[in-house]
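Structural characterization, general
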Amino acid sequence: MPRLNATQRHRVRLTVNGRQVEADAEPRMLLTDFLRHELGLTGTHVGCEHGVCGACTIDIDGVPARACLTLAVQADGGTIRTVESLAPEPGRLSILQQAFRRHHALQCGFCTAGILMSLDCYLRDRPEPTEAELREFLGGHLCRCTGYTPILKAALEAATMLHKKRPEEQLHA
Amino acid sequence: MKPARFDYVRAEHLAEVHDVLAENGNDARVIAGGQTLLPMLSMRLARPKVVVDIMHLPQLQTIDADKGTIRIGAGVRQAQLLGWPLLSDRQPLLAAALPWVGHAQTRNRGTICGSLAHADPSAEIPLVLVALGGTIELSSRRGRRRIAADIFFTGMMSTARSEDELIEAAILPARPTGSGYAFQEFGRRHGDFAIAACAAVATDKGTRLAVAGVADRATMHDFAALDGSALDDALDAFAWDLDARDDLHATARYRRELVRRMGRAVIEEARRCRA
Ligand SMILES: Cc1cc2nc3c(=O)[nH]c(=O)nc-3n(C[C@@H](O)[C@H](O)[C@H](O)COP(=O)(O)OP(=O)(O)OC[C@H]3O[C@@H](n4cnc5c(N)ncnc54)[C@H](O)[C@@H]3O)c2cc1C
Ligand code: FES
Ligand code: FES
């Protein structure tokens, strides 16, 4: 690959929420800023911008990871899902999102997009997580409002509901 | 904060990585998982002129287990190694320590070799390498060399790597039969950097204890077949030798106490595992 010059903007092409998209970025542009400012996907939040809070967590190539610790140019050619992909259609929430609503698993909602994306990925790989496993996994996120208990309850309930469904209907039904 | 400007090279050949490092010296940075480099860039603790991405080189993405060793390439992410089905059988100490490296979300991107390159004094992966007597494989235009982990780490976030060198792999001995291992860590939360972490390896030759988070690098000591209060005394002497410092997270005294207690616990556990 040619050396991408620091002062120029370069075309970045990737698949976001099932759509091929492209926009320009300087090499130093964080993936969070690329999603929010270049693609207008402001569902992904930015808290600490150094990997600690988890607000910016998205699905990068099939696994949950920090968008703020990824350069847009690193993600070139990759596949990304953000919180905007979770609702099956306008006006309907995913099973996980519905569980969050029922359990008041968000107050201000700043942390929510990241936690939803983490859990959405996690529950695919581990349809029957234990509470201890979920606690450890959620340790990668900070929430200043809820005290985590409602988040844990919502996640456990969503896991049970998703597990009851047939695999092909999972998560997005 | 946002990073200062830098050029970006997504390397397609190993030679390209070596060229960028040789031609730019300290102005070049390798980017692997980015889980440490990105915060440093964003906080402008690092201001490289060029960043070279090594994550698209298939030859760096292999885990090779043969002849009593495990070789982990620079492109291997922490989550990938944790998912390697042979890990807990071939190297149980690494299997025990890896879940403590950050969070699942950072392990999905962070690499084994990136952690070795960064050489944080609290980091688990350098600790495991020091405890096991592992080796670091470095390569550059000038050639290739291997260096033992305990001399590779030279201090707080500093290593014997030259500016033009890439860490190409980490090499660990596979578990020899009849050895026992134990790992414990103490921190404020799971996923935070350790206030102190201890790893013990028990073999027929004796027991080795390695400690991270206390001295300026992971440090080890071989304990003969001591027991009872003799072991406590040896641990106490080791804890003092580590020259612990006070910081925001804990006092030096607190850290010494952790070494005495966790040190004893892991030594005993490793010996039990062996028996
Ligand atoms: C919230 C959070 C919590 C964390 N907690 C822990 C923890 O508890 N314990 C822990 O050990 N770590 C922890 N980390 C850091 C860990 O996640 C990193 O993965 C690791 O330290 C660096 O690996 P990396 O692949 O991301 O390296 P990068 O960030 O890509 O690189 C780190 C440094 O090493 C250099 N480098 C990388 N690879 C090479 C190579 N092959 N050859 C030469 N130089 C190279 C880079 O130039 C850079 O200077 C945490 C990180 C975050 C964000
Ligand atoms: S904004 Fe990315 S982890 Fe906080
Ligand atoms: S809901 Fe406010 S930070 Fe989590």
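Residues numbered from 1 in each chain as written. Chains lettered and ligands numbered in written order. Predicted model: local features only at pLDDT ≥ 70, side-chain atom pairs only at ≥ 80, totals over all residues. Heavy atoms only, no water.

Describing the confidence of the model for chain B
Per-residue pLDDT for chain B has a mean of 95; in total, 100% of the residues score no lower than 70. Reported confidences for the modelled complex are a pTM of 0.95 and an ipTM of 0.94. (pLDDT = per-residue confidence, 0-100.)

Remarks on the interface of chain A and chain B
With 35 residues of chain A in contact, the opposing surface of chain B contributes 36 residues. Roughly 3,000 Å² is buried in total at the junction of chain A and chain B, and carbon and sulfur atoms are behind 50% of that figure. Where chain A meets chain B, there are four salt bridges. The salt bridge partner of Arg3(A) is Asp7(B), with a shortest N-O separation of 2.8 Å. Our enumeration of links across chain A and chain B arrives at 17 residue pairs in polar contact (both at pLDDT 80 or more). Sorting the residues of the side of chain A that touches chain B by element identifies strand 3 (57-60), strand 4 (63-66) and helix 4 (131-138) of chain A as the ones contributing at least two each. A total of four residues in the side of chain A that touches chain B trace back to one element, the largest contributor, which is strand 4 of chain A. (Contact = heavy atoms within 4.5 Å. Buried area = accessible area lost by both parts, 1.4 Å probe. Salt bridge = Lys/Arg side-chain N within 4 Å of Asp/Glu carboxyl O. Polar contact = N/O pair within 3.5 Å; in protein donor to acceptor, adjacent residues only side chain to side chain. Helix = DSSP H or I, 4+ residues; strand = E, 2+ residues; numbered from the N terminus.)

Brief notes about the packing of helix 10 (residues 228-241) of chain B against helix 11 (residues 252-274) of chain B
Residue and element names in this part refer to chain B. Interaxial distance between helix 10 and helix 11 falls to 9 Å at its minimum, and their mutual angle equals 130 degrees. Comparing their axes, helix 11 and helix 10 come out oblique. Handedness of the crossing formed by helix 10 with helix 11: right-handed. Contacts from Gly228, Leu231, Asp232, Leu235, Asp236, Phe238, Ala239 and Trp240 in helix 10 reach Arg256, Val259, Arg260, Gly263, Arg264, Ile267 and Arg271 in helix 11. Its residues assigned to classes, the contact of helix 10 with helix 11 comprises seven nonpolar, two polar and six charged. (Axes fitted to C-alpha atoms, helices over the stretch in contact; angles between N-to-C directions. Parallel < 35°, antiparallel > 145°, perpendicular 65-115°, else oblique. Left-handed = near helix turned anticlockwise from the far one by under 90°. Nonpolar A, V, L, I, M, F, W, Y, C, P; charged D, E, K, R; others polar.)

Observations concerning the domain arrangement of chain A
Residues and elements named next belong to chain A. Domain assignment breaks chain A into domain 1 (10-84) and domain 2 (95-165). Here the C-alpha centre of domain 2 lies 22 Å away from the C-alpha centre of domain 1. Contact with domain 1, which involves 17 residues of that partner, is made by 14 residues of domain 2. Between domain 1 and domain 2 we count one salt bridge in total. (Domains from an automatic or database assignment.)

Quick notes on the environment of Cys111(A)
Relative to the helices and strands, Cys111(A) is located in the loop between helix 2 (95-102) and helix 3 (112-125). Setting aside residues up to four positions removed in sequence, Cys111(A) forms contacts with Leu142(A) and Cys143(A).

Examining the site of ligand 1
Taken together, 34 residues form the shell around ligand 1, and within it Arg29(B), Val30(B), Leu37(B), Thr111(B) and Glu124(B) come nearest. At the site occupied by ligand 1, nearby residues are drawn from chains A and B. Between Gly34(B) and ligand 1, the recorded distance is 2.8 Å, taken from a backbone N or O atom to an oxygen atom. Within the backbone of Asp192(B), one N or O atom sits 3.3 Å away from an oxygen atom of ligand 1. Coverage of ligand 1 by the protein amounts to 96% of the 960 Å² it exposes when considered alone. At the level of elements, strand 2 (28-31), helix 7 (112-118) and strand 10 (166-173) of chain B are the ones that each hand at least two residues to the shell around ligand 1. Take the shell around ligand 1: its biggest share by element is four residues, from helix 7 of chain B. Partitioning the shell around ligand 1 into residue classes produces 15 nonpolar, 15 polar and four charged. (Near = heavy atom within 4 Å. Areas by Shrake-Rupley, 256 points an atom, 1.4 Å probe, with all protein chains shown as cover.)

Structural notes on helix 2 of chain A
Ile95(A), Leu96(A), Gln97(A), Ala99(A) and Phe100(A) are the residues of helix 2 of chain A that are buried. In the stretch just after helix 2 of chain A, His104(A) is the one whose phi turns positive, near 50 degrees. (Buried < 20%, exposed > 50% of the residue type's maximum accessible area, 1.4 Å probe, protein only.)

Here we look at unusual backbone geometry
At Asn17(A), a residue that is not glycine, the phi angle is positive and equals roughly 50 degrees. Turning to its location among the elements, Asn17(A) is positioned in the loop between strand 1 (10-16) and strand 2 (19-25). When its relative accessible area of 26% is taken as the criterion, Asn17(A) is described as partly exposed. Despite not being glycine, Arg44(B) shows a phi value in the positive range, around 60 degrees. Inspection of the secondary structure puts Arg44(B) in the loop between helix 2 (37-42) and strand 3 (50-53). Owing to a relative accessible area of 31%, Arg44(B) belongs among the partly exposed residues under this scheme.

Structural notes on the environment of Ala234(B)
Residues and elements named next belong to chain B. Counting through the fold element by element, Ala234 comes out in helix 10. For Ala234, a relative accessible area of 18% gives the class buried. Spatially, the C-alpha atoms of Ala234 and His221 are 9.8 Å apart, while their sequence positions differ by 13 residues. When near neighbours in sequence (up to four residues on either side) are disregarded, Ala234 contacts Phe223 and Leu226.

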